[in-house]
Every structure is written in structure tokens, then in C-alpha cells.
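Chain and residue survey
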Amino acid sequence: MTATRPRHGGALLAVLLMAPFLAQVDATIANVATPAIQTDLGASSAAVELVVGGYLIAFAVLLITGARLGQTHGYKRIYMLGAAAFAASSLLGGLAPNATVLVAGRVLQGASAALMFPQALTGMQLNFSGAQRARAIGLYAIALSSGAITGQALGGALITADLGGTGWRSIFLINVPVCAAILATAGRALPPDGRRDAERVHALGVATLSASVLLIVLPLTLGRVDGWPAWTWMSLAASGPVFVLFLLTQRAAAARGRSPLVNLHVLARPTIWLGLLTLMAATATYYALLFTLAQYLQHGLGGSALASGLVLVPWVAAFGLAGQITRRLPPRFGPVLPAAGCLLLAAAYLALSGSLFAGVRADAVLVPLLAAGGFGLGIQFSTLIGHLTNAVDPRYAPDISGTSTTTLQIGGALGVAAFGAIYLSLAAPAGAAPATHAFAVTALAMGATALAAAGTAWLTTRFRAYDEPERQPRSVGRPSLSHR
């Protein structure tokens, strides 16, 4: 099956890009609202924690399931269902009379985002090819990176504006008209879902995979704030055996001729799992940077939240620019670009660390190094996502979409937990000097991680892309995703 040229490419791509952008905006928009929420609703610290964490947990747990539902029921149908549910859950959160209802709304919001998000990459893989797909993935990278920064900036702006006296509630209510516009456009721009074979999502696979991801993401999201109590370590330890159980259920389903939740034949290829490992490592450093840089600039140096957000604008701009440049390069450069991007990312972190150890804190050094890091990550991300989507037949689009987006979320949670712990442990004494030392050490650790990612990125492009169609496994019964 080959991708078809979309009749309304511009509108189709714009609709698809709204899914990752909106999901990332709402992943960070509540961060700046937590003090106001706690005061207005009389919420406990644990409840406020779940206002942020509940979204992230539900989102990460259900991404692969959302991707598979797009295959079994049509990615247009699931995208629009997710957008409608996102609007409803946002309305619930915006009108919440107490913290319990707000947390419920945020969990439902995360689940709705998990329905929308993976359909974006699936839609790009099915509707675009060649240069069109490279352009789409470059814009996908921009949507992801800019969404996180936009969330923090937009949240602060809306709360300050206090539109109609809504205060913090406006950060959720604004999603209702946005989703209405998405639904109106998606109905016209997205191609109709083709005829689908009758197939159910593998329920046992959903249960075991969701449990495994939950056992990882829940402690990583909530453990740091709670001081890493015993339950967090027990949860992390239990995630391994549950994941093994998930793998066993998938092998059993394939052996019986049923369609598993995740195609292990595809993910077992070195070019795929090494690529996912690279994505996880590089993304971990990015999410860690968002957290630790804000801590350093605001709590360490006494800067404002707005200033700490604006300093990342060069990173986002360079990230987006990288995707637009790499898609114009000759194909012969493709195999080296993921590793080259990771090397540039590592160089930026290491240079930042070295300048801080040398006592240089000036924005004239910080801003260009952040731009260099964003450019490196943009090269790595856009070319590696392109490699992964091109490395499998389009019928396996949900496998790549679901696993890559879940990998990004787990990588982000791991990064914040690991590098955040390094920073916070070293910056415990208040003051600029301890904070600067802590951030220098953290940047050094992130640089080392980016170097390791360069190694796996180099390896992932050394392997053959994918088997010939006749060698694809016939026992897993994948329904066609083409638009006939």
C-alpha cells in the first residue's frame, strides 16, 4: 500500500498538526495556574499535583491504545472523537466546582489527547510521501516543541488577563471554541476512512500495556514531589514483570492469528528499537531542560516566569528551522543526520556546562547555546521520525505512531525525574552560586546522555529499512488503512 496525494493537503496537514500542538499546550498550561487553583478551590497539595500529573499520566498510558483504535475504527473517526472529548473534558475542568471534579476533568483531557495525538503521525504517513512527508514531519516537530512553550506562556497571559473574571478557568475554557473549529475543519479536510475489516482491539494487550506504562509514569510523575516514598520504587519494580506479561500476550495473540495491540515483529527490528531508544534519550534531555532551566532562572537567579519562558524562544525557533533545512538536503545525507543532530545537542549542553563552571552566566552565551541545542534536537527529531515512518510499510503506521509518541512521553518523565533530582539535590542551599553549580552539573549529565543518543542514532540508520512486502508476517491480520 502506498500513500495517496491528499486533495486538500494544506488544510489536512493543519488539522493533523493541531493534535500534537494542543496536546503539548495542555501538558504545560496548568503549571502556572496551580497557585491560583489551590487558593480558589482550597485544594490540597496532592490534588494540585494531580491537576498537572493526572493529564500526563492518562495521556502516556493510552497513546498506543489510541493509535490502535485509529487503525481499527478509522483515524479520522478517532481523531474527531478525541477532539470532541477534549472539548467536553476542558469544559468540565473550566467549570469544576471543586478539586475532585477538576482532577477528573484533567484525567479525561489526557485520555482525549491520547486519542487525537497518534492520529497525526498516522495521517501523515498515510497521506503524504517523499518531500511532502518530510515537510509534514518538519512541521510536526515545530508543533510539538512550540506547544510546550506556548502552554506556559499562554497560561500566564490568560490568568493575568482574567477574561470575564474567569481567572485560571480560562486556560481550560479556551479549548472549547478551539476544538469546535478543529471539528468543523476536520470534517471537510480529513479523507474518509476506508472500509475496515471487523477487528477488535486486543483487550488483554490494552490492560497489560496500560498497567505497565502506568507503573512507570505514575511514580516518575508524582514521586519527586512526594520525596520518593516506598510505593514509587515498588511501582517501578513491578513495571518490568507486567511489561513481560504484555509481551507474552502479544506473542500469544499473533500465534492464534489475532491482531496484537503492538506488532512485535516490527518493533524488534534494530532500526526501529534503536531509533525509539534514541528518541527517548534525546527527548529526556529536552523535558529536563524545560524543568531545570526554569528552576535555575526563577528560583536560583530570581528571574520571572515570563523571562524564563522567553529565553527558550530561540530553542523553539531553531528546532523548527532545523526541520525545514533538513528536508531540503540531498537524500545521501539522511543516514548521518540523526547522529549529527545528537552531537550538536551534546555540544550545546557541554558548552553550556563549561561556561557555567567558568563563571559565565550572561544571556549573550546562554541564548546562542540554547539555539544551537534546539537546532541539534530539531535535526535529530525530524530526520529520525522520518526514518522511522519510512522504515515500515504504511500498514504499520499505528505501530510507529503509538510507540514513538509513548516513547516521547516516557522519555520526558524519565528526564524530569532523573535530571531534576540531580539539579534539586545540588541546588538545595538557596542562592545563585549553588543553583549555577547545580545547573552546570545537570547540563553536563544531559550532554553525556545526548552523546549516548548519538551512538544509537548512528546505529539505527545502519540497518535495512524494512523487509520486502512478501516477507511481512501474514499471521497478524492487519486490516488495510488505505483510502479506497
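Residues numbered from 1 in each chain as written. Predicted model: local features only at pLDDT ≥ 70, side-chain atom pairs only at ≥ 80, totals over all residues. Heavy atoms only, no water.

1. Here's the deal with the overall build of the protein chain
On a plain count of helices and strands, the protein chain comes out with 18 helices and zero strands. The C-alpha radius of gyration of the protein chain comes to 22 Å, within 12% of the 23 Å expected for a compact globule of 484 residues. By principal-axis analysis of the C-alpha atoms, the protein chain measures approximately 65 × 50 × 45 Å. Out of the 484 residues belonging to the protein chain, those deemed buried represent 55%. The long-range share in the protein chain, meaning contacts at least 24 apart out of those at least 6 apart in sequence, stands at 85%. Within the protein chain, one finds 29 positive and 14 negative side-chain charges whose respective centroids are separated by 9 Å. (Helix = DSSP H or I, 4+ residues; strand = E, 2+ residues; numbered from the N terminus. Rg over C-alpha atoms; globule rule 2.2 N^0.38 Å. Buried < 20%, exposed > 50% of the residue type's maximum accessible area, 1.4 Å probe, protein only. Contact = heavy atoms within 4.5 Å. Lys, Arg positive; Asp, Glu negative; His and termini not counted. Charge placed at Lys NZ, Arg CZ, Asp CG, Glu CD.)

2. Re empty space enclosed by the protein
A water-sized probe, rolled over the atoms, reveals where empty space remains. Scanning the model with the defined rule gives three cavities of 30 Å³ or more in all. As a volume, the largest cavity reaches approximately 150 Å³. Contributing to the lining of the largest cavity are Gln24, Leu144, Ser145, Thr283, Tyr286, Tyr287, Phe319, Leu377, Phe381, Leu408 and Gln409. A per-element tally of the lining of the largest cavity places helix H12 (residues 270–300) first, with three residues. Here the lining of the largest cavity is built from residues that sort into seven nonpolar, four polar and no charged. (1 Å grid on protein atoms, 1.4 Å probe; cavity = no way out; pocket = protein on both sides within 12 Å on 5 of 7 lines; lining within 4 Å. Points joined across faces, edges and corners; volume = space filled by probe spheres on them. Nonpolar A, V, L, I, M, F, W, Y, C, P; charged D, E, K, R; others polar.)

3. Digging into the environment of valine 311
Tracing the backbone shows valine 311 in the loop between helix H13 (305–310) and helix H14 (313–326). Between the alpha carbons of valine 311 and alanine 371 there is a distance of 9.7 Å; along the sequence they are 60 residues apart. In contact with valine 311, not counting residues within four places along its chain, are Leu293, Leu297, Leu366, Val367 and Leu370.

4. Some words on the confidence of the model for the protein chain
Summing up the model confidence of the protein chain, the mean pLDDT is 84 and the portion of residues at 70 or higher is 92%. Note that pLDDT drops below 50 for residues 465–484; the model gives that stretch 66 contacts with residues more than four away or on any other chain. (pLDDT = per-residue confidence, 0-100.)

5. Observations concerning the packing of helix H9 (residues 203–226) against helix H10 (residues 230–255)
Following both chains from N to C, one finds H9 and H10 inclined at 160°, their axes separated by 8 Å at the closest point. Compared by their axis directions, H9 and H10 come out roughly antiparallel. As H9 runs across H10, the sense of the crossing is left-handed. When its residues are assigned to classes, the contact of H9 with H10 shows 16 nonpolar, nine polar and one charged. (Axes fitted to C-alpha atoms, helices over the stretch in contact; angles between N-to-C directions. Parallel < 35°, antiparallel > 145°, perpendicular 65-115°, else oblique. Left-handed = near helix turned anticlockwise from the far one by under 90°.)

6. Re a nonpolar patch on the surface
Taken together, the side chains of Leu321, Ile325, Leu329, Phe333, Val336, Trp458, Leu459 and Phe463 present a nonpolar region at the surface, about 660 Å² in accessible area. Mapped onto the nonpolar patch, the elements with two or more residues apiece are H14 and helix H18 (432–460). With respect to the secondary-structure elements, tryptophan 458 resides in helix H18. The exposure class assigned to tryptophan 458 is partly exposed, which follows from its relative accessible area of 41%. (Patch = residues over 30% accessible without salt bridge, like charges linked within 9 Å, V, L, I, M, F, W, Y side chains within 5 Å. Areas by Shrake-Rupley, 256 points an atom, 1.4 Å probe, with all protein chains shown as cover. Salt bridge = Lys/Arg side-chain N within 4 Å of Asp/Glu carboxyl O.)

7. So, the pattern of salt bridges
Throughout the structure, instances matching the rule amount to one salt bridge. The salt bridge partner of arginine 169 is aspartate 40, with a shortest N-O separation of 3.8 Å. Of the two residues, arginine 169 sits in the loop between helix H6 (130–161) and helix H7 (170–173) while aspartate 40 sits in helix H2 (residues 34–41), which places them 129 residues apart along the sequence.

8. Quick look at the layout of surface pockets
One number sums up the size of the largest pocket: a volume of about 1,300 Å³. Residue lining of the largest pocket: 44 residues in total, with Asn31, Val52, Gln152, Arg224 and Phe291 positioned closest to the centre. Mapped by element, the contributors of at least two residues to the lining of the largest pocket are helix H1 (9–28), helix H3 (45–73), H6, H9, H12, H13 and helix H17 (397–426). Partitioned by chemical class, the residues of the lining of the largest pocket number 26 nonpolar, 16 polar and two charged.

9. What to know about the environment of tryptophan 273
Mapping tryptophan 273 onto the fold places it in helix H12. Note: C-alpha distance between tryptophan 273 and proline 368 (95 residues apart in sequence) is 33 Å. Excluding residues that lie within four positions of it along the chain, tryptophan 273 makes contacts with Leu267 and Ala268.

10. Considerations on the packing of aromatic side chains
Taken as a whole and judged by the stated rule, the model has 12 aromatic pairs. Consider the rings of tryptophan 228 and tryptophan 233, whose centres lie 5.6 Å apart with planes at 35°: the pair is tilted. When the ring of tyrosine 286 is compared with that of tryptophan 315, the centres are 5.8 Å apart and the planes differ by 15°; the resulting orientation is stacked. Of this pair, tyrosine 286 sits in helix H12 while tryptophan 315 sits in helix H14; the two residues are 29 residues apart in sequence, bridging distant segments of the chain. The same class applies to tyrosine 286 as to tryptophan 315, namely buried. Here a set of aromatic residues connected by ring pairs shows up, and it is made of Tyr55, Phe59, Phe117, Tyr140, Phe319 and Phe381. Directly above the ring of tryptophan 458 sits arginine 462, whose terminal nitrogen or CZ lies 3.9 Å from the centroid. (Phe/Tyr/Trp six-rings, centres within 6.5 Å; stacked < 30°, edge-to-face > 60°. Lys NZ or Arg CZ within 6 Å of the ring centre and 35° of its normal.)

11. Structural notes on H12
In an α-helix, one full turn covers 3.6 residues, which means residues spaced three or four apart are oriented alike. For H12, built from 31 residues, the straight-helix expectation of 45 Å at 1.5 Å per residue is met to within 8% by its first-to-last C-alpha distance of 42 Å. A bend of about 25° at leucine 289 is the largest found in H12. The element H12 is extensively covered by neighbouring structure, given that 24 of its 31 residues are classed as buried. Within two residues after H12, glycine 302 carries a phi angle of roughly 80°, on the positive side. (Expected span 1.5 Å × (residues − 1). Bend = angle between axes of the 7 residues up to and from the residue.)

12. Digging into unusual backbone geometry
Unlike most non-glycine residues, aspartate 162 shows phi in positive territory, near 50°. Mapping aspartate 162 onto the fold places it in the loop between H6 and H7. For tryptophan 228, which is not glycine, the phi dihedral falls at a positive 55°. Mapped onto the secondary structure, tryptophan 228 falls in the loop between H9 and H10.

13. Here's the deal with the nonpolar core
Membership of the largest hydrophobic core comes to 100 residues, with the highest contact counts inside it found for Met124, Tyr140, Leu289, Leu293, Trp315 and Phe381. Tallying contributions element by element places H12 first for this core, with 12 residues. Beyond its immediate sequence surroundings of up to four residues, leucine 293 is in contact with Ala288, Val311, Leu312, Leu370 and Phe439. In this structure, Ile29, Ile37, Val51 and Leu158 belong to the second largest nonpolar core, which totals 15 residues. (Core = buried A, V, L, I, M, F, W, Y, C linked by side-chain atoms within 4.5 Å.)

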